[in-house]
Protein chains: 2
Amino acid sequence: MASTFEVEAKYDLITRRLQEVLGGDSIKAILAEGRPPKAYWGTAPTGRPHIGYFVALTKIADFLRAGVEVKILLADVHAFLDNLKAPLELVAHRTKYYEFLLRTVFTSLGIPTSKLIFVQGSDYQLTREYNLDNYRLCATVTEHDAKKAGAEVVKQVESPLISGLLYPGLQALDEQYLGVDFQFGGIDQRKIFTFAELYLPRLGYAKRAHLMNPMVPGLMGGKMSSSDPDSKIDFLDPPEAVKRKIKKAFCEEGNITENGLLAFIKTVLIPISQLRIERRKGETGVDSEEGQGATGDQNPFVDDDAPEGMVFTIRREGKFGGPPSHYKDYQELEDDFSAKKVHPGDLKTAVNKAIDSLLAPIRKAFAESSEWQEIEKLAYPDPNAKTELKKKKEKVYHPPPPGKGKNAQVIKASAESSEPPLPISENTQPGATGEL
Amino acid sequence: MASTFEVEAKYDLITRRLQEVLGGDSIKAILAEGRPPKAYWGTAPTGRPHIGYFVALTKIADFLRAGVEVKILLADVHAFLDNLKAPLELVAHRTKYYEFLLRTVFTSLGIPTSKLIFVQGSDYQLTREYNLDNYRLCATVTEHDAKKAGAEVVKQVESPLISGLLYPGLQALDEQYLGVDFQFGGIDQRKIFTFAELYLPRLGYAKRAHLMNPMVPGLMGGKMSSSDPDSKIDFLDPPEAVKRKIKKAFCEEGNITENGLLAFIKTVLIPISQLRIERRKGETGVDSEEGQGATGDQNPFVDDDAPEGMVFTIRREGKFGGPPSHYKDYQELEDDFSAKKVHPGDLKTAVNKAIDSLLAPIRKAFAESSEWQEIEKLAYPDPNAKTELKKKKEKVYHPPPPGKGKNAQVIKASAESSEPPLPISENTQPGATGEL
């Protein structure tokens, strides 16, 4: 049995900054028993992860610090099935790349990863048991319910594919097969999560809790686009690229709603800043060694000479110059920005500096790991290295009469694209791009 | 290389009495190469097979006689998933029961079964490869195409289940995984078959030929009902039961359209009668030993003193008495019945006698096989042996607001039924009852 105090402290750490918690009592009950809750968060290893992933990873850091056993599902089967763009072999390389990267991020933050487990979807999603359960679900779930559950995360297209209907059920089964107590995701997953709560018990399985992050606009503002590499910042981008991209980011004076930079400060930079401040005071999570393995600069994003209790500093330079502003929480900063007391240029400089300090140890780890570099080449081969694009021959089906042409669908001739698909939301779930 | 004559003879045997053939040229090409075509026919081992199965089995006999390698798919996974009525263990017993029965029927008819292979769906439908292909299909097939393909064989209900959409794709994959050259089924399967022709090539697999039997009304007329055991004749029914049921069968004087007895004569009795006549003349299929292992009375359903070339005899008794009528083909008999020259009572007597002669060796084989009897008890346990019906507790899901009640579906409390589900059509295909 754990003390009430301990239970509450861990529960607060697990659930802070979330937008919604379903089934929180069951997590409290597990904590009260003194055993570590188990959780999972899934991502499909498709394109290179951009630094928007920090949003989910920062929250996962809370779980790990509270002693939660966290499974990160690298949903390779889903990645393969996402439009069938990448062959399984390529996805296998990307899966390894993702693991290298995510582990490195946690390590750089000084988050203990002994309770972090990486699982590949293909490890269990193609087994006899899982598939029988998938069929059982399909013989239980109506098209209507599946469609509603997936409405926010499955791409809505004119001719929806069957895969979109399978997706909520598969994500529900993952909870059972990963043996977790709760699943974590963005609030866009809510209908998928309540679907899981409804249907898992119908298969005789436990209903799990669901923890949801708020949705966060992309750091760069505007739509991320695979044809515009400047629309997202890669974890391995060099400082010049980061600087150029942040300079281009949409950040309108006084506009606090469409502002990816403010959102990033709120959901990533301030939490990390707080983490570092707490550690300086010796306040760690369940692991007293926490922070000792951290790499790179571990200063919070606040000036050394700021008053006690501050978590973020904006310096003022050039013609808008003046003394720096120190903030004790995000709200203060937002109020100042809203009142146009903080200039976008200074905000960008502060974010740029913070991101540089976050990415430096990751770049370094990459530079020092020939294994990771090798994987990177295999996972994201240089598109310019391809001199010839293989064209698929256009296939047209001629069904026999009387069915002729009725169901016919022409396979579009398409040049093989080496540009990977991008995750849609900050809290990328397997299949969030909609094609399973 | 096979002679043109041989190719034509085999092709005629393979395709005679069918309503439609798609891809016949590919079968001719295989025959011309001198190799045996491979085929599959599927059935879900649910309720006890009734003698309507003779319609498909008689046609399959043609395939076997033409040297076709026939796989009978006992779709146990589909049977399990059909409304999830029967647990997998029970389905396993039923799968064995079906194999015992179907093998016995072929043996009794003297059909060589050396090229007959029984395959269980679970042998391959739950493998990694099959499921990956299923997912690939689901990421390729639109809901619209899947729904259209299944329109005739998937039960149309107000709240359709996802399983109904998977079914056409799974049946297409079966062709690939069973490695066949053609699939055989009822004409009700046509849309499923053209769907397979469209989508298998999209996965990089060969397009198969499709052979279709006409749809045939049930022997008893009217709707078969699981609550009325008299609505179908079981292969193991004793003579008294057969007599009672045929007496009850709908057979209106002069009515040739809604007449299950006439249909049975056309599609089962006359073909078997012809088979026996041919054998008497030494005309066998590819196997010159054909017929030597036949059990029971091997007389054609025509009186000994009938003129040469006759295939069916109706005797006239009682007040409608007179000399028997001998028919050289079905059409002659239908014309006579339509003109009210054949009385329903005499038709029933002729059918009753023929069925008795067909069932006698099957009953005998069952009586002599303690193994089959044991399986029968396990596959279809005596409903009266159950004194207590387990009632499932009604489960009602209360989703958290705001999703409350939206997708909620109440699991109906249902007493466990020991009455097995019935196949819908004479040419039962896996999942033909619609719930996968």
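Nothing here was measured: the structure is a model prediction, and the numbers come from that model.

Focus on the environment of A365(B)
Residues and elements named next belong to chain B. Structurally, A365 can be placed in helix 13 (residues 344–368). A residue is classified by how much of its surface remains accessible, and A365, at 25% relative accessible area, is partly exposed. Sequence-wise, A365 and T104 are 261 residues apart; in three dimensions their C-alpha atoms are separated by 7.2 Å. When near neighbours in sequence (up to four residues on either side) are disregarded, A365 contacts T104 and W372.

Topic: the packing of helix 13 (residues 344–368) of chain A against helix 14 (residues 370–379) of chain A
Residue and element names in this part refer to chain A. Between helix 13 and helix 14, the shortest axis-to-axis distance is 5 Å and the interhelical angle comes to 90°. Here helix 13 lies roughly perpendicular to helix 14, going by the angle between them. Contacts between helix 13 and helix 14 involve I362, A365, F366, A367 and E368 from the first element and S370, W372, Q373 and E376 from the second. The residue inventory of the contact of helix 13 with helix 14, partitioned by class, reads 5 nonpolar, 2 polar and 2 charged.

What about the pairing of strand 6 (residues 209–213) of chain B?
Residue and element names in this part refer to chain B. When you tally the buried positions in strand 6, you get 5 out of 5 residues, the bulk of the element. Side chains A209, L211 and N213 project from strand 6 onto one buried face, and the interleaved H210 and M212 project onto a second face that is buried too. The pairing of strand 1 (residues 20–22) with strand 6 spans 3 bridges and is classified as antiparallel. The partner of L22 across the bridge, within strand 6, is H210. Sheet analysis places strand 5 (residues 182–186) next to strand 6, joined by 5 bridges and oriented parallel. Bridging from a neighbouring strand, F182 pairs with A209 of strand 6. This β-α-β element, strand 5 to helix 9 (residues 190–199) to strand 6, shows right-handed connectivity.

Considerations on helix 7 (residues 143–150) of chain A
For helix 7 of chain A, the full list of buried residues reads E143(A), D145(A), A146(A), A149(A) and G150(A). Down the axis, helix 7 of chain A shows its buried residues gathered within 165° of arc, on one side only. Residues of helix 7 of chain A that are buried make contact with helix 8 (163–177) and helix 9 (190–199) of chain A together with helix 7 (143–150) and helix 8 (163–177) of chain B.

A short note on the packing of helix 5 (residues 88–108) of chain B against helix 14 (residues 370–379) of chain B
Residue and element names in this part refer to chain B. Axis separation between helix 5 and helix 14 bottoms out at 8 Å; the angle between their running directions is 140°. Classed by the angle they form, the pair helix 5 and helix 14 counts as oblique. As helix 5 runs across helix 14, the sense of the crossing is left-handed. Packed against helix 5, whose contacting residues are L90, H93, R94, K96, Y97, F100, L101 and T104, the element helix 14 presents E371, W372, I375, E376, L378 and A379 at the interface. Grouping the constituent residues of the contact of helix 5 with helix 14 by class yields 8 nonpolar, 2 polar and 4 charged.

A short note on the sheet that holds strand 6 (residues 209–213) of chain A
Residue and element names in this part refer to chain A. One open sheet holds the 6 strands; their spatial order is 1-6-5-2-3-4, and the pairing between them is mixed. In the strand order of this sheet, the two ends are held by strand 1 (20–22) and strand 4 (116–120), each with one partner. When the angles between neighbouring strand axes are averaged without regard to direction, this sheet yields 25°. Here helix 8 sits on the sheet in contact with strand 2 (38–43), strand 3 (69–74), strand 5 (182–186) and strand 6, set at roughly 145° to strand 2.

Some thoughts on the sheet that holds strand 6 of chain B
Residues and elements named next belong to chain B. Strands sit in the order 1-6-5-2-3-4 across an open sheet of 6 strands; the sheet is mixed. Two strands close off the open sheet at either side, each with one partner strand: strand 1 and strand 4 (116–120). Neighbouring strand axes in the sheet, compared pairwise and without regard to direction, differ in orientation by 25° on average. Across 2 bridges, the pairing between strand 2 (residues 38–43) and strand 5 is parallel.

Some details on the confidence of the model for chain A
Any segment with low pLDDT has predicted coordinates that should not be analysed in fine detail. Residue and element names in this part refer to chain A. For chain A, per-residue confidence averages 86 on the pLDDT scale, and residues scoring 70 or more make up 86% of the total. Between residues 388–394, whose pLDDT stays under 50, and residues either more than four places distant or in other chains, the model counts 10 contacts. The low-confidence segment residues 397–436, where pLDDT is below 50, has 135 contacts with residues more than four positions distant or belonging to other chains.

Examining the pattern of salt bridges
Residue and element names in this part refer to chain B. Per the stated rule, a full pass over the model turns up 42 salt bridges over all chains. Two residues, E290 and R279, come together in a salt bridge whose shortest N-O distance is 2.9 Å. In this pair, E290 sits in the loop between helix 11 (260–280) and strand 7 (312–316) while R279 sits in helix 11, placing the two residues 11 residues apart along the sequence. Both residues of the pair, E290 and R279, count as buried.

Here is what the cut-offs are and how they apply
- Residues numbered from 1 in each chain as written.
- Chains lettered and ligands numbered in written order.
- Predicted model: local features only at pLDDT ≥ 70, side-chain atom pairs only at ≥ 80, totals over all residues.
- Heavy atoms only, no water.
- Helix = DSSP H or I, 4+ residues; strand = E, 2+ residues; numbered from the N terminus.
- Buried < 20%, exposed > 50% of the residue type's maximum accessible area, 1.4 Å probe, protein only.
- Contact = heavy atoms within 4.5 Å.
- Axes fitted to C-alpha atoms, helices over the stretch in contact; angles between N-to-C directions.
- Parallel < 35°, antiparallel > 145°, perpendicular 65-115°, else oblique.
- Nonpolar A, V, L, I, M, F, W, Y, C, P; charged D, E, K, R; others polar.
- Pairing = 2+ DSSP bridges.
- Right-handed = clockwise from strand over helix to strand, strands pointing away.
- Arc of directions from axis to C-beta.
- Left-handed = near helix turned anticlockwise from the far one by under 90°.
- pLDDT = per-residue confidence, 0-100.
- Salt bridge = Lys/Arg side-chain N within 4 Å of Asp/Glu carboxyl O.

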